[in-house]
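Read off the chains here:
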Amino acid sequence: MIKVGIPRGLLFYDYGSLWSDFFTKLGVPTITSSETTKKTLTDGTNLAIDESCLPLKIFLGHVHALLNECTHIFVPRIAQHHKDYYYCAKFAGLPDIVRNSFNIDERRLISPNIESKNLYHTFKACREAANCLDASPIKSYLSYLHALHEYKNTQNLSCKNKDTFVAVVGHSYLLHEPFFIQEIKNVLSAQGMKIATPDQVPPKTLYELSAELHPEVYWQLSAKIVGAAQYFCALPNIKGILVISSFGCGPDSLINEYIDNLILKPSGKPYTFVNLDEHTGNAGIVTRVEAFLDLIEWRQ
Ligand code: SF4
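Within each chain, residue numbers correspond to sequence positions counted from 1 in written order. At least 70 in pLDDT is required for a residue's local features to be given in this predicted model, at least 80 for side-chain atom pairs to be given and counted, and no such filter applies to totals for whole chains, interfaces and linings, which use all residues.

The secondary structure listing takes helices from DSSP runs of H or I that are at least 4 residues long and strands from runs of E that are at least 2 residues long, numbered from the N terminus. Regarding its fold elements, the protein presents twelve helices and ten strands. Over its C-alpha trace the protein gives a radius of gyration of 20 Å, about what one expects of a compact globule, namely 19 Å for 300 residues. With respect to the principal axes defined by its C-alpha atoms, the protein has extents near 60 × 40 × 30 Å. Exposed residues have 12 or fewer other C-beta atoms within 10 Å of their own C-beta, buried residues have 20 or more, and residues in between are partly exposed; the C-beta atoms are placed from the backbone. Among the 300 residues that make up the protein, the fraction classed as buried is 42%. Put simply, 69% of the contacts in the protein that link residues at least 6 apart link residues at least 24 apart. The globule rule used here is 2.2 Å times the number of residues to the 0.38 power, and the radius of gyration it is set against is calculated over C-alpha atoms. Note that contacts rest on C-beta atoms placed from the backbone: two residues are in contact if these are within 7 Å.

Note on placement: A79 falls in the loop between β4 (77-78) and α4 (89-102). You can call A79 partly exposed: it has 16 C-beta atoms within 10 Å. A sequence separation of 98 residues divides A79 from E177, and the C-alpha atoms of the two residues are 23 Å apart. Those residues in contact with A79 that sit more than four places away from it in its chain are Y86, Y87, A92 and E115.

This brings us to the packing of helix α10 (residues 220-233) against helix α11 (residues 250-267). Interhelical geometry of α10 versus α11 gives an angle of 15° and a closest axis separation of 10 Å. Regarding the angle of α10 to α11, the classification is roughly parallel. Of the two possible hands of crossing, α10 and α11 adopt the one that is right-handed. Within the contact between the two elements, α10 uses S222, I225, V226, A229, Q230 and C233 and α11 uses P251, I255, I259, I263, L264 and S267. Here an axis means a line fitted to C-alpha atoms, over the contact stretch when the element is a helix, while the angle between two N-to-C directions is reported on a 0 to 180 degree scale. Angle categories: roughly parallel below 35 degrees, roughly antiparallel above 145, roughly perpendicular from 65 to 115, and oblique for all the rest. The handedness criterion is simple: a crossing whose near helix is rotated anticlockwise from the far helix by less than a right angle is left-handed, and one whose near helix is rotated clockwise is right-handed.

Any functional reading would require information that these geometric values do not contain.
So, in structure tokens, the structure goes:
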């Protein structure tokens, strides 16, 4: 019996609920890999080439965990959502990376090409997914539209109230990866700090800010980070900005310098960068975040 595995990594944290709902509405059971553990990370690291970024290693670890649990794995090839931006090349090459890392029969991969949000490409991607499952393309498309409608009703929270926040900025798959982020949350909340993340701001606002003030940034995920840094720097109740980044990320190696010099430093707000890799231990993270909180207190 068909069962589709959805790896809990990379864009899962942005679109996982949409993908899973899409398959459910199509009548196809899914299984999502469990939360990341040390084993997931070790498995992914062993499978990946050395130059891979940390989120890709985690993703491969999740695929590894799913292989014996399901008939198919959902690994979309994503080049572009927003017409003015591009995803980093890892997203466009993800199905090939998975196929080569596991030597997997390509019929087990559901890898629709997601090239833009327009109707033609959306229908094409739904048809590609349907073909892998011997499902009706029309039913696939209607299931997607239905799932998308529900997904869009997800409310954004607001960080524009009187509470004191620390903004934590970075790729969604780092900010929502409990394996790394839970300890940071614990340290911040132990000091009475609430966390504001880019998810609490409408994406349209982030992209508009980035496009208006930093039009040269063309990676979609980086534009979101740039927009978020710009947005949070302007909010008085944001007491500091913590940028979470991962070792081996090509776009971050440029964008971190960019936001450091053009956004964070000129804002006068306390900020720091935390770079994660597979060797990062909780003790190291805690020390960095505590030092950052000391900096905020000292500035105040
Ligand atoms: S943007 Fe960076 S972290 Fe994300 S997949 Fe690309 S290289 Fe990896």
